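Observations on chain architecture
What follows is the residue order along each chain.
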Amino acid sequence: MKAIAVTPGIPNSVHLQDIPDPTLGEIPDGKGVLVKTLKVGVDATDREINEALYGNPPPGDKHLVIGHECFGVVTAVGPNVSGLKPGDYVTATVRRPGGSIYDVIGTYDMTSEETYYERGINLRHGFMTEAFVDHEDYIVRVPSGLKHLHVLMEPMSCAAKAVHQAFEAQRRMRVWRPRVAYVLGAGQIGLLTTLALRLRGLQVYTLARGAAPNLKSEIATGFEAQYVSTAETSIADLVKQSGRPDLVVDATGSSRLAFEAMTAVGHNGVVVWTSITGGKQQIEIPSDMINIQWVLGNKLLLGSVNANREHFEMGIRDLAMGEMMFPGVAERILTNPVDGLDQYHEMMRLLVEDRDALKVFVNVGQE
Ligand code: BGC
Ligand code: ZN
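Right, let's walk through the structure included here. (Residues numbered from 1 in each chain as written. Chains lettered and ligands numbered in written order. Predicted model: local features only at pLDDT ≥ 70, side-chain atom pairs only at ≥ 80, totals over all residues. Heavy atoms only, no water.)

1. Focus on the sheet that holds strand β8 (residues 117-119)
So the rule is basically this: Strand pairing is defined by DSSP finding a minimum of two bridges between the two strands. Think of it this way: any DSSP run of H or I at least four residues long counts as a helix, any run of E at least two long counts as a strand, and we number them from the N terminus.
Across the sheet, three strands lie side by side as β7-β8-β9; this open sheet has mixed pairing. Every interior strand has two partners, whereas the edge strands, β7 (95-96) and β9 (123-124), have only one. Relative to β9, β8 runs parallel, the two sharing two bridges. Its bridge partner being in β9, R119 is matched across the sheet by R124.

So, in C-alpha cells, the structure goes:
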C-alpha cells in the first residue's frame with residue numbers, strides 16, 4: 001500500500017513509501033475500525049516536518065508517514081465496535097494517549113508528560129495512506145451533510161478547543177460576556193476560529209496582511225466578521241477604533257505577533273496562542289509595559305494545542321451550524337486539491353511556494 005512519508009532529521013525527504021496494509025487485528029480488543037482514506041489535508045506543520053524542523057518517527061522506524069487531517073469512509077469494524085458501521089464518513093483525532101491522568105481520562109491533548117504522540121507528526125504514523133486502522137475511541141463520525149468540508153474537521157477541532165478553553169478559563173470572572181474578539185491570521189485556523197466566535201455572537205475582527213478584497217477577506221466577511229488588513233491598519237490603530245478586545249486568538253504562525261497580541265487585549269481579557277513556531281526567532285518586547293498592564297488588568301495568556309474527541313464533536317457541530325448561518329462559505333477555504341498520493345511533489349510545492357493556497361489537500365481515494 002502506498003503512503004507519503006518523510007525521513008525526520010533530513011530536510012526535503014518527502015517520498016512515496018510502500019507500507020503494509022492495515023488490519024483490524026492490530027487493535028486487540030475488537031474495537032478496531034478500518035478506514036478507506038478519501039482525503040488528507042496538509043498544513044504548516046507538514047511543511048515544517050519536511051523541513052526537518054519538527055516531528056519524529058515511531059520507535060524502530062526511520063520514516064514517518066505524514067498526514068494528520070483525514071477524512072475517510074469506514075470499510076470494516078471489529079466485533080466489539082458499537083457506534084460505527086461500514087459506509088460511515090469519519091475523521092480521526094491526532095493525539096494518542098500517554099500515561100498521565102489527563103491521558104487516561106480522554107484529555108490526551110492536555111497531557112502533563114513531555115512526550116506526546118501524534119499521528120502523522122510525532123512518534124506515530126499518519127493518515128497519508130490508502131487506508132488506516134484505529135481504535136473506535138479515536139474515530140469520529142462526520143455527518144454526510146458535511147462531506148463537502150472533509151479535511152476541515154481536524155483544523156476545526158483545534159479552533160473549537162481554543163475557543164472552548166478561553167470560555168472555560170474565563171469562568172474565573174464569574175460573569176464573562178465577551179463582546180469584541182480579534183483573530184490574528186486568516187489561514188485555516190484563523191478563519192475557522194472566526195466562524196466559531198461569530199456563532200457565539202461576538203463581534204469579530206479578523207486581521208491579516210493582504211489588502212481586501214481577497215479570498216481571505218471574502219471568507220471572513222462571509223462569516224460576518226470585519227476583515228482588517230494590517231498593511232493598512234496597525235493593531236494599535238484598530239484598538240483606537242474598536243476599543244480593547246475581550247479575547248484575542250493568535251493564529252499567525254509568527255511569535256512576534258503572538259506577543260504583540262498581548263499589548264491589545266482589554267482588562268480581564270484573554271489571549272489564546274494556537275501557532276506552532278518551529279523556528280528560532282528572537283524579538284525585543286516592551287516587557288515592563290506588558291508586565292504592568294497585565295497585572296493591573298488581570299489578563300490571561302493561554303496556550304492551546306491539538307484537540308480531543310470532544311473538541312472534534314464541538315467543531316463538527318459548529319461546521320454544521322456554520323452551514324446553516326453562512327451557507328457555502330467554509331468550503332471556500334478548500335482551495336487546492338492534488339489528485340493522488342503520487343503527486344506528493346506537487347503537494348509540497350503548493351504548500352511551500354504558493355502563497356494563495358489557503359488549503360492544500362490530497363484526493364487519496366474514491367468511494
Ligand atoms: C496539528 C495539531 C498538533 C500540532 C502540534 C498541528 O498542525 O493540527 O493536531 O497538535 O500541530 O504538533
Ligand atoms: Zn495541523
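2. What about the coordination of the zinc ion (ligand 2)?
The condition that has to hold: The rule for donors is simple: N, O or S, within 2.8 Å of the metal, or within 3.2 Å if the metal is Na, K or Ca. Water isn't counted, so a site may look like it is missing partners. Labels for metal geometry use angle windows, namely 85 to 135 degrees for all angles of a four-donor tetrahedral site, and for square planar (four donors) or octahedral (six donors) sites opposite donors over 155 degrees apart plus all others within 65 to 115; sites meeting none of these are irregular. When accessible area is computed with a 1.4 Å probe and restricted to protein chains, residues below 20% of their type maximum are described as buried, those above 50% as exposed, and intermediate ones as partly exposed.
Each protein donor to the zinc ion (ligand 2) is listed here as D43 (OD) and H68 (NE2); together their distances run 2.0 to 2.1 Å. Every donor counted, the four donor atoms about the zinc ion (ligand 2) form angles of 77 to 154° at the centre, which fits irregular coordination. One end of the pair, D43, is in the loop between β3 (32-42) and α1 (44-50); the other, H68, is in the loop between β4 (64-65) and β5 (69-77), and 25 residues separate them in sequence. Given the relative accessible area of 15%, D43 is considered buried. With a relative accessible area of 3%, H68 lands in the buried category.

3. With respect to the packing of helix α4 (residues 188-199) against helix α9 (residues 309-325)
For clarity, the cut-off: Axis geometry follows a simple rule: fit a line to the C-alpha atoms, using only the stretch in contact for helices, then measure angles between N-to-C directions, giving values from 0 to 180 degrees. We call two directions roughly parallel when the angle between them is under 35 degrees, roughly antiparallel when it is over 145, roughly perpendicular when it lies between 65 and 115, and oblique otherwise. Throughout, a residue-residue contact means that at least one pair of heavy atoms, one from each residue, lies within 4.5 Å.
In the contact formed by α4 and α9, the axes pass within 10 Å of each other and the chain directions differ by 75°. Relative to α9, the element α4 is oriented roughly perpendicular. Contacts between α4 and α9 pair L192, L195, A196 and L199 from the former with D318, L319, M321, G322 and M325 from the latter.

4. Considerations on α9
Inclusion rule: Take the number of residues in a helix, subtract one, and multiply by 1.5 Å to get its expected span. Side-chain atoms alone can form a polar contact between residues adjacent in sequence; in general such a contact is a pair of N or O atoms within 3.5 Å, and within protein one must be able to donate a hydrogen while the other accepts it.
Relative to the 24 Å expected for 17 residues at 1.5 Å per residue, α9 spans 24 Å between its end C-alpha atoms, a close match to the ideal helical length. Of the residues making up α9, those classed as buried are H311, F312, M314, G315, I316, D318, L319, G322 and E323. Taken together, the buried residues of α9 touch β6 (89-92), β11 (139-141), α3 (153-169) and α4. Among the residues of α9, the N-terminal cap falls to N308, whose side-chain oxygen and the backbone nitrogen of E310 are separated by 2.9 Å.

5. Points about the environment of M325
Structurally, M325 can be placed in helix α9. On a C-alpha basis, the gap between M325 and L351 in space is 30 Å, while along the polypeptide they are 26 residues apart.

6. As for the site of ligand 1
For clarity, the cut-off: Any residue with a non-hydrogen atom lying within 4 Å of a molecule or strand is treated as near it. Surface accessibility in these figures is a Shrake-Rupley result with a 1.4 Å probe; residues are shielded only by whichever protein chains are displayed. Three residue categories are used. Nonpolar comprises Ala, Val, Leu, Ile, Met, Phe, Trp, Tyr, Cys and Pro, charged comprises Asp, Glu, Lys and Arg, and polar comprises the others, including Gly.
Around ligand 1, the surrounding shell consists of D43, T45, Y54, H68, E118, I121, E154, C158, I276, V305 and N306. A distance of 3.2 Å separates an oxygen atom of ligand 1 from a polar atom in the side chain of D43. Contact between ligand 1 and Y54: an oxygen atom at 2.8 Å from a side-chain N or O atom of the residue. Look at ligand 1: alone it shows 310 Å² of surface, and the protein chains cover 93% of it. For the shell around ligand 1, the residue count by class is five nonpolar, three polar and three charged.

7. Thoughts on a nonpolar patch on the surface
Operational definition: Only residues above 30% relative accessible area that lack a salt bridge enter a patch, with like-charged residues linked at up to 9 Å and the nonpolar side chains Val, Leu, Ile, Met, Phe, Trp and Tyr linked at up to 5 Å. Salt bridge, as used here: a side-chain nitrogen of Lys or Arg that lies within 4 Å of a carboxyl oxygen of Asp or Glu.
On the surface, a cluster of nonpolar side chains totalling about 510 Å² of accessible area is made up of I101, Y102, V104, I105 and M110. Following the sequence through the fold, V104 ends up in helix α2 (residues 101-104).

8. Brief notes about the sheet that holds strand β13 (residues 203-208)
Judged by pairing direction, the sheet is parallel, and its six strands sit side by side in the order β14-β13-β12-β15-β16-β17 without closing on themselves. The open sheet has two free edges, formed respectively by β14 (226-229) and β17 (300-303), since each of these has just one partner strand. Within the sheet, the average angular offset between the axes of one strand and its neighbour, ignoring direction, is 20°. Across four bridges, the pairing between strand β15 (residues 247-250) and strand β16 (residues 270-273) is parallel. Within β16, the position partnered with L247 by the bridge is V270. The strands touched by helix α6 (residues 235-242) are β12 (180-184), β13 and β14; relative to β12, the strand with the most contacts, the crossing angle is about 160°.

9. Some points on the environment of P97
Summarising the element assignment, P97 is placed in the loop between β7 and α2. The class for P97 is partly exposed, based on a relative accessible area of 30%. In sequence terms P97 and T111 are 14 residues apart; their C-alpha atoms lie 7.7 Å from each other. Once you skip the residues sitting within four places of it in the chain, P97 turns out to touch D103, Y108, Y117 and Y138.

10. Here's the deal with the packing of α3 against α9
Packing of α3 against α9 leaves a shortest axis separation of 7 Å and a crossing angle of 100°. One element, α3, and the other, α9, form an angle in the roughly perpendicular class. Touching M153, E154, M156, S157, A160, K161 and H164 of α3 are H311, F312, M314, G315, I316, D318 and L319, all from α9. Residues of the contact of α3 with α9, tallied by class, amount to seven nonpolar, four polar and three charged.

11. Points about the pattern of salt bridges
Should their charged atoms come close, side chains of opposite charge can pair. For the structure on display, the rule yields 19 salt bridges. One salt bridge in this structure joins E367 and K147, with 3.3 Å as the shortest N-O distance. Taken as a pair, E367 in the segment after β19 (360-363) and K147 in the loop between β11 and α3 lie far apart in primary sequence, 220 residues in all. Accessibility expressed as a relative area gives 61% for E367, which makes it exposed. A salt bridge links E313 to R309, with the shortest nitrogen-to-oxygen separation between them at 3.1 Å. Residue E313 and its partner R309 are both found in helix α9; the two are separated by four residues, about one turn of the helix. One continuous salt-bridge network, built from bridges that share partners, spans K85, D88 and R141.

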